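This is what each chain is made of:
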Amino acid sequence: MMTSLKKGLRSGIVFGIVFIFLMLIGFINVGSNMIGDLLGNMENLGEEARLPVSNLLIFSGLFGLFTGINARKDEGDGKWWSGILGGLAGGLASGWLVWLAVWGSGSLYMQGVDFRTYLPNLGPERMRYLLFYSTPEAAANTYLTYFILFSLAGSVLAWAVSAVHGLKRGLTRAKESVTQWLDTKTVRQIFDNKWVLAVVMITVAALLYFLPLAWGSYWNYIMGTVAIYILLGLGLNIIVGYSGQLVLGYVAFFATGAYTFALLTSPAPHGIELNLVLAVGLSVLVSTLTGLLLGLPILNLRGDYLAIVTLGFGEIIRILIRSDLLTPLTNGPKGVTNVGQPNWFGQVFSDVNYMHLLMLLVLAGLFVAKRLKDSRTGRAWIAIREDQTVAQATGINTYGYKILALLLGAAFAGLGGALFASRNQFTGPEDFTLMVSVNVLCIVIVGGMGSLPGVVVGAFVLKGLPELLRELADYRLLAFGALLVLMMIIRPEGLWPAKRTRFRRLNRDPYENGAAEVEV
Amino acid sequence: MTQAAIYSRGITKCFGGLTAIDNIDLIVPEHSISSIIGPNGAGKTTLFNCVSGFYVPDKGEIHFFGQPIEGFPTHKISELGIARTYQNIRLFSEMTAIENILVGQHTRMQSIWVESILHNPRYLREEKAALQQAFDLLDFVGLSGLGDTPAHNLPYGAQRRLEIARALASQPSLLLLDEPTAGMNPQETAEMTAFIKNLRDSRQITILLIEHDMRVVMDISDQITVLDYGVKIAEGKPAEIQSNQRVIEAYLGPGAAALSKKFKRKKTHYA
Amino acid sequence: MIKKLQNLKLTPGLILRLLVGLVVLIYLGWRIYQIAFGEGTYGPDTWMRFLITGLVIGGMYALIAIGYTLVYGILFMINFAHGEVVMLGTFAGYFMLEAFASIPAPTPADPDLTFLNAQPVIALVLTFLAGAGVSALLGYLLEKIAYRPLRGAPRLIPLISAIGASIFLQNAAQLLFGPQRRQYQNPDLLWRGTGWMIPVGGKEVMLTYTGAFSFILSILLMVGLFILVKKTKLGKSMRAVAENKQAAALMGIDVDSVISKTFIISGVLAGAAGVMWGIHNGLFNHFVGFIPGIKAFTAAVLGGIGNIPGAMMGGMLLGLLESLGPALLGLDFQLKDVIAFTILILVLIFRPSGLLGEALTEEKL
């Protein structure tokens, strides 16, 4: 009983503090508005409209629910009322914390204190909403009641779910049987059939062709960004995911690629308006050379040193680009405008064309990355990542392979950079901050280190999702940071972890399930 | 007179103020099974590491079939034909068994990254041959059917055998085994002993091993080198070493030599 | 020595290093010649000013760098969120000073007097305690929430978690307190811009009170930490856990507790540095911890990561390099960060374990 009480208390305190935090940053209001959108009761609000407090109640209720669920989670001991106790404790803890906060701030507000000097997101309008447009005491009591009630409800809910014993086991068994069925001969034969593959590929190709036409230029822009970040992710995946080198300055290669392309194809500042294909080639070349320049002296550095040096390198590139020293070359902080646009027989690319081009390049990138992974080179990289000393003793020239990974990764970044500059028609030093490196690194790791579907999924989640949640614009980065921490704790292997290749026995029946026939 | 697989003279290696090994001469005849034994801390692994290129000896020279190899990087040494296993198994744990062996074949393959992308005929041929050889090696070490298991999922004995398979994959002429029977029960030890003998006989390679299990050492070694406190104290055939006073005292302390004479036993043979 | 030279293999890496070293030496020599014998754009008074600035900021970097190195030494991870720990200490100090400045303490002589100026010493002490306390608490929570669950995981995982925590904290501060820059309200005693005038080379250079104060406090804290690590039981436990967690646990050391305490200590130093920053530099916002954090980590690496005197030295050195570097090398002040990073890269090329070497053990085979 004590454990569930303690759990309840802890869960209550945590959720209470989180709720107060969200209050202070104004997220409660935004969250309630979102609920309002969902429920559709936000329309037709007149001038002096008061935002529906029901939404706020629902929002707080959810919090209570989570408190209760958390208090009851994984409760192994059978006593049904211990969970309820935990829920009660949680509700009391969070409820009283919130009560204090609301009553305290509400009273201060009533006395005329304006919080905005210190807490800009807690203006008068928001305060009134939080107080349900009534007095601090009434509001605080409402919160308390709601938290207790919903916390109890939450714990009951959690208990109900866990009480249905078979549920969890049934789910796992279902999953197992599905996996087994997929592995059987007939199913595998279907998927290996040439015709089936052809049909699948044609459907996918058709989808890829028609989607950009259908979803409008806003989505083309977002998906285009996702595509470019997939390319970047593929490149960094080779460096970090395959060969295991922690490079935190990937943006340096991105920047050199983008700037090379921009400077070569824009009328200003140099007036070279080079053929675009050539420009792209040169961008890739310059990025690769940057990779060589960075790689040669530092490659024998240990992991964390490598990280900080590459981070420094990324910053150096950015600072140099915008410095007075190099402004004659790079146009300094003003950036480069009128970057060359690709055209097909004289007609400039529309956003649809761009999307198609990007899709083709992404497919090509995935193709190259996959082929590299399942080859002698790929195995050498992974061996280096696993155990560099032993890899070298097994005959792999680690130095050479690490540089190769760096060069190839840089090449991908160069390509991405050229596309980036071209699509935006402009590029400047502020496009290449440390955050870009961090973003790409997170895409690789959150997606699944060394995994190609992982990179795609990672790019979608980390670059595409924030666009979907436009409403929460201010809170995006906050959520991003929290998501990263959570992902690492809950699922460090990534959203779509890398799977090692299964080789079928060469001379025998290709569908024989090798692993089953072993006595150990 | 066959050229020695390893001919080394005066090997000395110091770490800070400590001299790990001092002025060791070691000659490993071709096609032999030679053992290095000695109490813990005697410097056996240090010597091993010098021969396999992990350490650069402070003094001395090492010749591999006549070619000096001190100071060579380890991948070069692997290329020349020396392969090794490790005291605490160091497989590539996330890779499957087959992949570990394929990595072992790295030096004997030529294809470069461009070919990996293009899948040109030479690349495909090489990969196919490599895969075939990998499966053969898997069978040879008795791990048939376990090819797709991630290395860290294999039981201990299987992991040891996989490490040997990986070492054999580079077609070495000299195989260094670091305590191959560590942690094994008598039956596994007997199997490993037979396996090592078979290795030498069927593949015509030279084997140098570090071992603590005296039965194994006495059973299969053609030559035994004994180290103690970094110095070579005895060398010769098993029978000589068994009755060597210094060796006995190194292991059992002073005065033990007299005792051992009393309780001298015949070598036992395992089926 | 001769044998070593004979054994030296001419790898491309080595050739590159020698070339780079040569270029650097030639350039430095030329610059030194210019400064010593040329007209020199800067008089000795300017150099003195640079020196003072360098020392003051070096002290702060050193405190932050120690925080990084302590955590790295014990967990082998880069605490990316350490800069934000500093930043929140700065905020805490700010609020304390604001609070003191709004408590009236009128005297007949001065009816407008506030507590801040009536009892400046107490106010400052409490401010520093608040800053250090908040940062220490944050460090403790950070470890408990974001790092402890990832204790056994491969290197990159806690790093990403740290990055996530850093982003979260930065934005939390921004959302809580707003993006605008705030200014520290110093007590009159320590008003920014006031100080002793020192005659140097005919002219006068100001040694600010805030600068001197920060520097002395930094030194005191560093000495205190040094004593803690070398002489106390906790320090020994910390060193034991850093060297070998399992052995330490077997010796009866509560590893989790020691790790928490390490984070708390590094937080205390970070908070103090944060308050110092506010007092000396004045303006700050939620972003104030980020760049100094990266630079301080650079300093820790410069001195040899995991090595506490190394972090101290690295921090001081970085501060001096930042301040004196551009003038010394004849480059634009814009590029001062570039100089810092370039020096780091150069040092690591020639001494991969940092200047004072890392306190790590050899790899066992």
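Residue numbers run consecutively from 1 along every chain, following the written order of its sequence. Chain letters and ligand numbers both follow the written order, the letters beginning at A and the numbers at 1. Given that the model is predicted, a residue must reach a pLDDT of at least 70 before its local features are reported, and side-chain atom pairs must reach 80 or more before they are shown or counted; all residues, however, enter totals for whole chains, interfaces and linings.

In this text, helices come from DSSP runs of H or I with a minimum length of four residues, and strands from runs of E with a minimum of two, each type numbered from the N-terminal end. Within chain C, the secondary structure is distributed over 14 helices and four strands. Projecting the C-alpha coordinates of chain C onto the three principal axes gives extents of approximately 85 × 65 × 40 Å. Residues classed as buried in chain C amount to 47% of the 365 residues present. Of the contacts formed within chain C by residues at least 6 apart in sequence, a portion of 75% connects residues at least 24 apart. Any residue whose C-beta has 12 or fewer other C-beta atoms within 10 Å is treated as exposed, any with 20 or more as buried, and any in between as partly exposed, C-beta atoms being built from the backbone. With C-beta atoms placed from the backbone, a contact is any residue pair whose C-beta atoms sit within 7 Å.

Helix and strand counts for chain A stand at 21 helices and four strands. Here chain A, with 520 residues, has 47% of them falling under the buried criterion. Counting only contacts in chain A whose residues sit at least 6 apart along the sequence, the fraction spanning at least 24 positions is 81%.

With that settled, the discussion passes to the interface of chain B and chain A. Note on interface size: it is often stated as the accessible area lost on association of the parts. With 38 residues of chain B at the contact, the number on the chain A side is 30 residues. Sort the elements by how many residues they give to the side of chain B that touches chain A and helix α3 (residues 97-104) of chain B lands first, with five residues. Here the residues of the side of chain B that touches chain A sort into 14 nonpolar, 17 polar and seven charged. Here the term charged refers only to Asp, Glu, Lys and Arg, the term nonpolar to Ala, Val, Leu, Ile, Met, Phe, Trp, Tyr, Cys and Pro, and the term polar to all other amino acids, Gly among them.

If you look at the interface, chain A gives 42 residues, while chain C gives 44 residues. If you list the elements that add at least two residues to the side of chain A that touches chain C, you get α12 (276-298), α13 (303-322), α19 (434-447) and α21 (476-490) of chain A. In terms of residue count, α13 of chain A provides more of the side of chain A that touches chain C than any other element does, twelve residues in total. When the residues that make up the side of chain A that touches chain C are grouped by side-chain class, the tally is 31 nonpolar, seven polar and four charged.

Quick reminder: α-helices carry 3.6 residues per turn. Residues three or four places apart thus point the same way. Counted at 1.5 Å a residue, the expected span for helix α7 (residues 156-177) of chain C with its 22 residues is 32 Å, and the 32 Å between its end C-alpha atoms agrees. Burial analysis of α7 of chain C places 21 of its 22 residues in the buried class, which makes it a mostly covered element. What a helix should span is 1.5 Å times the count of its residues minus one.

What follows deals with the packing of helix α6 (residues 120-147) of chain C against helix α11 (residues 255-281) of chain C. All names here are of chain C. Put simply, α6 and α11 touch, their axes get as near as 7 Å, and they point 140 degrees apart. When the interaxial angle is binned, α6 and α11 end up oblique. Here the hand of the crossing between α6 and α11 comes out right-handed. Here the contact of α6 with α11 is composed, by residue class, of 14 nonpolar, ten polar and one charged. Interaxial angle, 0 to 180 degrees, is taken between N-to-C directions of lines fitted to C-alpha atoms, where a helix line uses only the stretch in contact. Angle categories: roughly parallel below 35 degrees, roughly antiparallel above 145, roughly perpendicular from 65 to 115, and oblique for all the rest. If you view the pair so one helix is near and one far, a crossing is left-handed when the near helix is turned anticlockwise from the far one by less than a right angle, and right-handed when it is turned clockwise.

Next up on the list: the packing of helix α3 (residues 44-75) of chain C against helix α8 (residues 209-231) of chain C. Two quantities define a packed helix pair, namely the angle between the helix axes and the distance between the axes. Residues and elements named next belong to chain C. Two numbers describe how α3 lies on α8: the axes approach to 9 Å, and their chain directions differ by 35 degrees. As α3 runs across α8, the sense of the crossing is left-handed. Between α3, through Ile52, Leu55, Val56, Gly59, Met60, Ala62, Leu63 and Ile66, and α8, the contact on the second element is made entirely by Gly211, Ser214, Phe215, Ser218, Ile219, Leu221, Met222 and Leu225. In the contact of α3 with α8, the residues fall into twelve nonpolar, four polar and no charged.

Let us look at the environment of Gly64 of chain A. Residue and element names in this part refer to chain A. As for its placement among the helices and strands, Gly64 is situated in helix α3 (residues 53-72). In sequence terms Gly64 and Gly154 are 90 residues apart; their C-alpha atoms lie 7.1 Å from each other. If we skip the residues at most four places from it in the chain, Gly64 touches Gly91, Tyr146, Phe147, Leu149, Phe150, Ser151 and Gly154.

Our next topic: the pairing of strand β2 (residues 18-28) of chain B. Residue and element names in this part refer to chain B. Think of it this way: DSSP has to see at least two bridges between two strands before they count as a pair. Two strands pair when backbone bridges link them, and strand β1 (residues 6-15) and β2 are joined in this way by seven bridges, in the antiparallel orientation. Bridge pairing in β2 places Ser8 opposite Leu26. If you look at the hairpin formed by β1 and β2, you'll find two residues sitting between the two strands, and Gly16 has a positive phi there, around 60 degrees.

Attention now goes to the sheet that holds strand β7 (residues 174-178) of chain B. Residues and elements named next belong to chain B. On the basis of which strands lie adjacent, the open sheet formed by six strands has the order β6-β7-β8-β3-β9-β10 and mixed pairing. The two strands at the open ends of the sheet, each matched to only one other strand, are β6 (82-84) and β10 (231-236). Averaged over all pairs of adjacent strands, the angle between their axes in this sheet comes to 15 degrees, without regard to strand direction. As judged from the three bridges shared by β6 and β7, these two strands associate in the parallel manner.

On to the sheet that holds strand β5 (residues 67-68) of chain B. Residues and elements named next belong to chain B. The four strands are arranged β2-β1-β4-β5 in an open sheet whose pairing can be described as antiparallel. Each having just a single partner strand, β2 and β5 make up the two edges of the open sheet. Relative to the sheet, helix α1 (residues 44-51) contacts β1, β2 and β4 (59-64), its axis offset from that of β1 by approximately 120 degrees.

Counting buried positions over the six residues of strand β9 (residues 223-228) of chain B gives five, a clear majority of the element. Linking β9 of chain B back to β10 of chain B in an antiparallel pair, the connection comprises two residues, with Tyr229 of chain B at a positive phi of about 50 degrees.

Quick look at helix α9 (residues 233-243) of chain C now. Residues and elements named next belong to chain C. Within α9, the full set of buried residues consists of Ser237, Met238, Val241 and Ala242. The buried residues of α9 occupy an angular sector of 135 degrees when the element is viewed end-on, so they sit on one face. Residues of α9 that are buried in the fold lie against α3, α8, α10 (245-250) and α11. It is the directions from the helix axis to the C-beta atoms whose arc is reported.

Residue and element names in this part refer to chain C. Each residue carries a pLDDT value, the predictor's own confidence for that position, ranging from 0 to 100. Of the residues in chain C, 93% have a pLDDT of 70 or more, and the chain-wide mean is 85. Taken together, the stretch residues 359-365 has pLDDT below 50 and engages in nine contacts with residues farther than four places along the chain or on a different chain. For this predicted complex, the interface score ipTM comes out at 0.89, alongside a pTM of 0.84.

Moving on: unusual backbone geometry. Excluding glycine, residues mostly carry a negative phi; peptide bonds, for their part, are mostly trans. Backbone geometry at Asn331 of chain A places phi at a positive 70 degrees, although glycine is not the residue there. Mapped onto the elements of the fold, Asn331 of chain A is located in the loop between α14 (327-330) and β1 (336-337). Phi at Gln204 of chain B is positive, roughly 55 degrees, even though this residue is not glycine. When you line up the elements, Gln204 of chain B lands in the loop between α7 (186-203) and β8 (206-210).

This part is about the environment of Leu149 of chain A. All names here are of chain A. Tracing the backbone shows Leu149 in helix α6 (residues 136-163). The class for Leu149 is partly exposed, based on 17 C-beta atoms found within 10 Å. Along the chain, Leu149 and Leu88 lie 61 residues apart, while their C-alpha atoms are 8.2 Å from each other.

All names here are of chain A. Averaged over every residue, the pLDDT of chain A is 81; residues scoring 70 or more account for 88%. No element of chain A has a lower mean pLDDT than helix α8 (residues 185-192), which averages 67, and none a higher one than helix α18 (residues 398-424), which averages 94. A low-confidence stretch, residues 506-520 (pLDDT under 50), is modelled with 19 contacts involving residues beyond four sequence positions or located in other chains.

On to the environment of Ser32 of chain B. Residues and elements named next belong to chain B. Position of Ser32 among the secondary structure elements: in the loop between β2 and β3 (33-37). Each C-alpha atom, one on Ser32 and one on Lys197, is 9.9 Å from the other, the two residues being 165 residues apart in sequence. In contact with Ser32, other than residues within four places in its own chain, are Thr206, Asp222 and Gln223.

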